[in-house]
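So you can see what is in the structure, the chains are spelled out below.
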Amino acid sequence: MNARRIAVEVDEKGRISARVVGENAYSPTLPLPLSSADLDRQLIGLFERWQQERGRRWIQAEIRTFGALLHRALFPPDLWNWICTAAQGYQLVRLTLTFPGTFPHARLASIPWEFLYRPDKQYEQGWFLAGRSGVTLSRYIPSRAGIPELDFIRHPRLLAIVSQPKAERRVDADEVLAGIHRAAVDCGLEVEIVYSPGAAELREIITAWQPHIVQFMGHGRFDADRGEGRLAFAAPHGETAWIPDSGVVDLLVTPEWTPRAVVLHACEGGTTDYEAGFAGVAPQLCRASVHCVVAMQYPVTNETATNFSTRFYHELAQRQPPDVAVQAARAHIATTDNSVRLIGVPVVYLHSDAPLLPGPEQEGRNEALPV
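For clarity, every value in this text was computed on a predicted model and none was experimentally measured.

Turning our attention to the overall build of the protein. Across its full length, the protein carries nine helices and 18 strands. Considering the protein as a whole, with its 371 residues, one finds that 59% of them fall into the buried category. In the protein, of all internal contacts separated by at least 6 residues, the share reaching a separation of at least 24 is 74%. Only carbon and sulfur atoms are counted for the fraction: they give 48% of the accessible area of the protein, which is about 15,900 Å².

What follows is the structure in structure tokens.
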């Protein structure tokens, strides 16, 4: 496919620029139209509180207005025009967002940019970047160890974790597991399923079996007071062990093995707090050199998470790269659940364009994204 990646980057001085990855093409560096302080925290907080209300009736025009505000806050007109010009003639344009990790502009990374909406024009309707055909929207976080070269996966392995502590509400994993098994048939994926493993047991499994993809199905939460994401694991006597994001990294990324991708089928697995040092399960895994992390940044119903995961694995089985698979799954859940607000809930952190389940014709060394 004729594709081009454009990295959109905010620096530590609050200036934004874009570049064509792998080519000598750079946009002007411009001040953000609205600073992190001007992008009213109360407005963002209100939108996020609305996201927590599962029974809320959403009005599509309001979400488009919010997305248009985000677009105006992030993209100066000259920069957006440069991006549009650089994208001309390409079947696929990959937009990657990168934000600084230092105060005060680090908090920009906590904003739900997945709701970016190119505003309507006089004779042309706008569109959500996260749901646009021919565009992908992902985030980039530098890893602690740098980006290793990715070898071709001859016999890919997937570990599905169904984490069901007795004290928590039921995790309905059947449909997701069925979707994984369908993908396995199509692409020779070897699947191992573990139910309610304890922390020590899971670490042993990761070390011994060395899965390329880890799918977590369970409960998640983000503790804003502590500035950390957590996942629920089984503890002795039927209790729940809420493992913080740093502990989740220690469970899934061992000295002997780093999974290539982690998919979090859990509420708030993609929530972040960059002022607390890249807090959150998804960004912490990405910093630990997991090259692709897919997660939800707001609570969703189990049905929505299931619809997303099954479509995601269907796309992977067609040898689509993970950002393309996520983009298709975003559009799928927004259509299936008849709610445009779902487009911006899934988040993908990406270090490489390589398909997770490459076909035989792709054998060889996969290229990581240039830093």
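A word on the sheet that holds strand E14 (residues 240-244). Spatially, the three strands line up as an open sheet ordered E12-E13-E14, and their pairing is antiparallel. The sheet is open, and its two borders are formed by strand E12 (220-223) and E14, each paired with just one other strand. Taking each pair of neighbouring strands and ignoring which way they run, the sheet shows an average axis angle of 35°. Note: strand E13 (residues 228-234) against E14, five bridges, orientation antiparallel. Paired with phenylalanine 233 across the strands is alanine 241, a residue of E14. Along the sheet, helix H6 (residues 245-252) makes contact with E13 and E14, crossing E14 at roughly 95°.

Before going further, it helps to spend a moment on unusual backbone geometry. Located in the positive-phi region is glutamine 210, a residue other than glycine, with phi close to 50°. Positionally, glutamine 210 belongs in the loop between helix H5 (199-209) and strand E11 (213-217). Looking at glutamine 210, the relative accessible area reads 25%, which means it is partly exposed. Located in the positive-phi region is serine 289, a residue other than glycine, with phi close to 85°. The topology assignment puts serine 289 in the loop between helix H7 (281-287) and strand E16 (292-296).

Under the counting rule described, the total for this entry stands at ten salt bridges. Taken together, the shared-partner salt bridges in this structure form one network comprising Arg5, Arg94 and Asp323.

To continue, consider the packing of aromatic side chains. Within the structure shown, the criterion is met by eight aromatic pairs. Residues tyrosine 117 and phenylalanine 128 carry aromatic rings whose centres are separated by 4.8 Å and whose planes lie at 65° to one another, so their mutual orientation is edge-to-face. Here tyrosine 117 is found in strand E5 (residues 117-118), whereas its partner phenylalanine 128 is found in strand E6 (residues 127-128), with eleven residues between them in sequence. Judged by its relative accessible area of 9%, phenylalanine 128 is buried. Here the aromatic cluster, defined as three or more aromatic residues joined through ring pairs, consists of Phe75, Trp80 and Trp127. Lying over the aromatic face of tryptophan 242, arginine 221 brings its terminal NZ or CZ to 3.7 Å of the ring centre.

A few words on the nonpolar core. Of all hydrophobic cores here, the largest spans 79 residues; its most connected members are Leu74, Ile83, Trp113, Phe312 and Tyr313. Ignoring any residue separated from it by four or fewer positions in sequence, one finds tyrosine 313 in contact with Leu158, Gly179, Ile180, Ala183, Ile213, Gln215 and Val263.

Along the chain, serine 110 turns up in the loop between strand E4 (92-98) and E5. Separated by eleven residues in sequence, serine 110 and phenylalanine 99 place their C-alpha atoms 9.5 Å apart.

To continue, consider the environment of proline 112. In this fold, proline 112 is placed in the loop between E4 and E5. Separated by 233 residues in the primary sequence, proline 112 and valine 345 have C-alpha atoms spaced 8.2 Å apart.

Moving on: the side chain of threonine 254. With respect to the secondary-structure elements, threonine 254 resides in the loop between H6 and strand E15 (261-265). In this structure, threonine 254 is in contact with Arg203, Ile206 and Thr207, ignoring residues within four places of it in sequence.

Its 16 residues place the ends of helix H8 (residues 302-317) 22 Å apart at the C-alpha level, agreeing with the 22 Å of an ideal helix rising 1.5 Å per residue. Extensive coverage of H8 is indicated by the burial of twelve of its 16 residues. If you check which residues of H8 are buried, you get Thr304, Ala305, Thr306, Asn307, Phe308, Ser309, Thr310, Phe312, Tyr313, Glu315, Leu316 and Ala317. Just beyond H8, the residue with positive phi is arginine 319, at close to 65°.

One way to put it is that H5 packs onto H6 with a least axis distance of 8 Å and a crossing angle of 45°. The angle between H5 and H6 places the two elements in the oblique class. Contacts between H5 and H6 pair Ala199, Leu202, Arg203 and Ile206 from the former with Asp250, Leu251 and Leu252 from the latter. Its residues assigned to classes, the contact of H5 with H6 shows five nonpolar, no polar and two charged.

So, how was this worked out
- Residues numbered from 1 in each chain as written.
- Predicted model: local features only at pLDDT ≥ 70, side-chain atom pairs only at ≥ 80, totals over all residues.
- Heavy atoms only, no water.
- Helix = DSSP H or I, 4+ residues; strand = E, 2+ residues; numbered from the N terminus.
- Buried < 20%, exposed > 50% of the residue type's maximum accessible area, 1.4 Å probe, protein only.
- Contact = heavy atoms within 4.5 Å.
- Areas by Shrake-Rupley, 256 points an atom, 1.4 Å probe, with all protein chains shown as cover.
- Pairing = 2+ DSSP bridges.
- Axes fitted to C-alpha atoms, helices over the stretch in contact; angles between N-to-C directions.
- Salt bridge = Lys/Arg side-chain N within 4 Å of Asp/Glu carboxyl O.
- Phe/Tyr/Trp six-rings, centres within 6.5 Å; stacked < 30°, edge-to-face > 60°.
- Lys NZ or Arg CZ within 6 Å of the ring centre and 35° of its normal.
- Core = buried A, V, L, I, M, F, W, Y, C linked by side-chain atoms within 4.5 Å.
- Expected span 1.5 Å × (residues − 1).
- Parallel < 35°, antiparallel > 145°, perpendicular 65-115°, else oblique.
- Nonpolar A, V, L, I, M, F, W, Y, C, P; charged D, E, K, R; others polar.

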